[in-house]
Amino acid sequence: MSQEEEAAMSASEETPSDTEPTSPDTGIREVPLSEITSVGGRRSSKKRKFSAPPPTNLARNIPSILTPSAPGEVIISNPHDAAAVYMSGCFGKWSESKGPPAGFSGEAEYLILTPCEAFHLATINSIVIANQEKEAVSLEELWGIWTSYNASFPYKYHVYKHFRSKKYIVRSGLTYGGDFVLYTGDPNTCHAPYVVRVMCDEAGQDADWNDINSVRRVSESVAKELVLAYVTFSGASDSVKWTDKPCVRTVLLKRWIPSRDREIVQLGKKEESIT
């Protein structure tokens, strides 16, 4: 046998298997979110590859305005500032264009940030949020305002921060009945494989399973999978702050088809602290 044939055989023996181990007793398979191989409840021969857009320089101290009514969106009216924020991580949506605008010919074009997006950018000094009188609003004031608009905002923000830390592009999932959708790349060029539903605590006290099942059916009809995000805080839930490090556990909800084995797939570790 030639040296080339021996090298080829040794290389093939050292190649690790792509098959993930599955517990025969529980049917639970621990896998990272970016490596889920099922699409619409069916197995795919290829793993999804993470293809996030290359990062650009993060915008710094961009002025923005807080809208005076719920849900408290944040507006960046200057087109060049808005473009800098958008291109630093696909943040926000444009008032007229779908995706990044081709030009700045229209003065009415502005960028709209959701509360979770705006607060995340404010905590990293990417934007400075002001009220209608153009007075700067502190993080404490913003947290109180958005929590008063939506009591589940603290939970949603920490889930948003969790997935952003995993390099996912996180957008609103309202269209599909969820809280967020996750993109593994530029939202203008790729499909979002996951819809996220935020559960306010580990026991799922806020869960309306009829509603969740409806969201799952909608998600499945548009080739997306439903992820339930459970958030657990160590302290009292009424004193939650953005500086807290809760436990965020994500579970991929799959439909049970009697002709197949029932399987519950958990994403990542059971307990994971926000960094």
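Structure shown above.
Caption draft 1: Seen up close, the environment of Arg-197. Mapped onto the secondary structure, Arg-197 falls in strand β11 (residues 194–199). For the pair Arg-197 and Gly-173, spaced 24 residues apart in sequence, the C-alpha to C-alpha distance is 8.6 Å. A distance of 3.1 Å separates the side chain of Arg-197 from the side chain of Asp-211, its partner in a polar contact.

Caption draft 2: Up close: the packing of helix α3 (residues 115–123) against helix α4 (residues 139–149). At a minimum axis separation of 11 Å, α3 and α4 run at an interaxial angle of 165 degrees. By the criterion of interaxial angle, the relationship of α3 to α4 is roughly antiparallel. In terms of crossing hand, the pair formed by α3 and α4 is left-handed. Mapping the contact onto sequence places Pro-115, Ala-118, Phe-119, Ala-122 and Thr-123 in α3 and Leu-139, Leu-142, Trp-143 and Trp-146 in α4. In the contact of α3 with α4, the residues fall into 8 nonpolar, 1 polar and no charged.

Criteria and thresholds
- Residues numbered from 1 in each chain as written.
- Predicted model: local features only at pLDDT ≥ 70, side-chain atom pairs only at ≥ 80, totals over all residues.
- Heavy atoms only, no water.
- Helix = DSSP H or I, 4+ residues; strand = E, 2+ residues; numbered from the N terminus.
- Polar contact = N/O pair within 3.5 Å; in protein donor to acceptor, adjacent residues only side chain to side chain.
- Axes fitted to C-alpha atoms, helices over the stretch in contact; angles between N-to-C directions.
- Parallel < 35°, antiparallel > 145°, perpendicular 65-115°, else oblique.
- Left-handed = near helix turned anticlockwise from the far one by under 90°.
- Contact = heavy atoms within 4.5 Å.
- Nonpolar A, V, L, I, M, F, W, Y, C, P; charged D, E, K, R; others polar.

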